[in-house]
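Listed below, chain by chain, are the residues.
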Amino acid sequence: MSHPPRLRVLSGMRPTGRLHLGNLLGALDNWVRLQEEHDCFFFVADWHALTTEYPPRGELQANTREMVADWLGAGLDPERSTLFVQSLVPEHAELHLLFSMVTPVAWLERVPTYKEMVEQLKLESPSYGLLGYPLLQAADILIYKAQAVPVGVDQVPHIELTREIARRFNHLFGPVFPEPEPRLTEIPKVPGTDGRKMSKSYDNCIYLADPPEVITPRIKTMMTDPARKRRQDPGNPEVCPVFDLHKIFTPEDDRAYCATGCRTAGIGCLDCKGVLLEHLLPPLEKIRERRSTFAQRPGEIDEILREGSRKARQVARATLDEAKAAVGIG
Ligand code: TRP
Ligand code: SF4
């Protein structure tokens, strides 16, 4: 009996260092689920990390190791998924160059993330690389002929552009590239300790590398329903960021106990946070233990990425050869 070919899935992250709870619930958990059934490629987008700044030498490598330790801690398995580094597969860069020949500049100028970056970072003269960011992303995806790309909703314009590039290339040179679909990740609301969205730049994160003695005081001082100033004031769980975390981690019965206790002032916020910690700490502790065994052996992480990059390269090479033959170069 022959099996139908498995769906090819690909996604990547820029190497920003340690990952937090928002990254876990917004992306990583989903990657781990996808690897059960699909042919998954996950990579460190290190070229993309150079589009807006130039980290001090050594930082990209350190950030890569920290991030991939978190990937492995959360359960990505190099036996099932191909884990690799973008710059170790130079075919991405070559396909990016080839795509740049068929892409109107206007298509790139109208990508919303480009304008946002330029405004947000107040870039006076944005680089050619930043303009080409989504084109490099298109090369990342199409070089593996990926069918599904798990991303957050902010990345959808990039997948849309990828589809346009595939169509245009195929129209000009013959059918080489399938059009990928975005796989939108259902992202729960993950508040940081100050109640805003959890984000590195707000300094409000719970990191996967944090031990319980760091997490516990951060939760205990976490912002709550601002209307609940004193123990005897009733609160509203629906406006409380602590309760957003209960919705993710706490089973139904304990969560109902906290909600009722909050509304009736039957329990205090510290009691409520104690219940949260009971459910939050154990799963995080499992991830942290596993990630730290890898973080202590960076050579092992490097070896996983080298081997993954070697495997990825075979696939990438074949597609690039096909694309160049279609164009008639080389
Ligand atoms: N742009 C993505 C992000 O910032 C990272 C990325 C680069 C990516 N290349 C990709 C994601 C290819 C999916 C597929 O999150
Ligand atoms: Fe938030 Fe819990 Fe305090 Fe209510 S009791 S305000 S849900 S921390």
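Predicted, not measured: the structure shown is a model, and the values here were computed from it. (Residues numbered from 1 in each chain as written. Chains lettered and ligands numbered in written order. Predicted model: local features only at pLDDT ≥ 70, side-chain atom pairs only at ≥ 80, totals over all residues. Heavy atoms only, no water.)

A. Structural context of the overall build of the protein. Scanning the protein from N- to C-terminus turns up 13 helices and five strands. Over its C-alpha atoms the protein spans a radius of gyration of 22 Å, differing by no more than 12% from the 20 Å that the globule rule assigns to 330 residues. The principal-axis extent of the C-alpha atoms belonging to the protein is close to 75 × 45 × 45 Å. Burial analysis of the protein (330 residues in total) assigns 49% to the buried set. Counting contacts in the protein only where the partners sit at least 6 residues apart, residues at least 24 apart contribute 77% of the total. A total of about 16600 Å² of accessible surface is found on the protein, and carbon and sulfur atoms cover 54% of it. Of the charged side chains in the protein, 41 are positive and 45 negative; the average position of the first set lies 1 Å away from that of the second. (Helix = DSSP H or I, 4+ residues; strand = E, 2+ residues; numbered from the N terminus. Rg over C-alpha atoms; globule rule 2.2 N^0.38 Å. Buried < 20%, exposed > 50% of the residue type's maximum accessible area, 1.4 Å probe, protein only. Contact = heavy atoms within 4.5 Å. Areas by Shrake-Rupley, 256 points an atom, 1.4 Å probe, with all protein chains shown as cover. Lys, Arg positive; Asp, Glu negative; His and termini not counted. Charge placed at Lys NZ, Arg CZ, Asp CG, Glu CD.)

B. Expanded view of the pairing of strand β3 (residues 82-85). Residues Thr82 and Phe84 of β3 are buried on one face, and the alternating residues Leu83 and Val85, pointing to the opposite face, are buried as well. For strand β2 (residues 39-44) and β3, the ladder comprises four bridges, and the chain directions are parallel. Paired with Val44 across the two strands is Val85, which belongs to β3. Regarding the hand of the β-α-β motif, the stretch spanning β2, helix α2 (residues 59-74) and β3 is right-handed. (Pairing = 2+ DSSP bridges. Right-handed = clockwise from strand over helix to strand, strands pointing away.)

C. Representation of unusual backbone geometry in the model. Despite not being glycine, Lys122 has its phi angle at roughly 50 degrees, a positive value. Mapped onto the secondary structure, Lys122 falls in the loop between α5 (112-120) and α6 (128-131). Take Lys122: its relative accessible area is 69%, and that puts it in the exposed class. Residues other than glycine seldom take positive phi values, yet Asp203 does so here, at roughly 55 degrees. Residue position: Asp203 is located in the loop between β5 (181-184) and α9 (212-220).

D. Local environment of the packing of aromatic side chains. The full count for this structure, using the stated rule, is ten aromatic pairs. Here the aromatic rings of Trp31 and Phe42 are separated by 4.4 Å at their centres, their planes lie at 5 degrees, and the arrangement is stacked. Of the two residues, Trp31 sits in helix α1 (residues 21-34) while Phe42 sits in strand β2, which places them eleven residues apart along the sequence. One exposure class covers both Trp31 and Phe42, and it is buried. An angle of 70 degrees between the planes, with centres 5.4 Å apart, marks the rings of Phe99 and Phe177 as edge-to-face. In this pair, Phe99 is assigned in helix α3 (residues 91-100) and Phe177 in the loop between α8 (156-173) and β5, connecting sequence segments 78 residues apart. Within the aromatic cluster, the residues linked to one another by ring pairs are Phe41, Phe43, Phe84 and Tyr144. Its guanidinium or amino end placed over the ring of Tyr202, Arg196 lies 3.9 Å from that ring's centre, counting from NZ or CZ. (Phe/Tyr/Trp six-rings, centres within 6.5 Å; stacked < 30°, edge-to-face > 60°. Lys NZ or Arg CZ within 6 Å of the ring centre and 35° of its normal.)

E. Here's a closer look at the pattern of salt bridges. Under the counting rule described, the total for this entry stands at 26 salt bridges. With a shortest N-O distance of 3.9 Å, Asp39 and Arg6 are connected by a salt bridge. Of this pair, Asp39 sits in strand β2 while Arg6 sits in the segment before β1 (8-13), placing them 33 residues apart in sequence. Two residues, Glu238 and Lys247, come together in a salt bridge whose shortest N-O distance is 2.9 Å. With a relative accessible area of 39%, Lys247 lands in the partly exposed category. Here the salt bridges do not stand alone but share partners, grouping Arg18, Glu66, Asp70 and Arg291 into one network. (Salt bridge = Lys/Arg side-chain N within 4 Å of Asp/Glu carboxyl O.)

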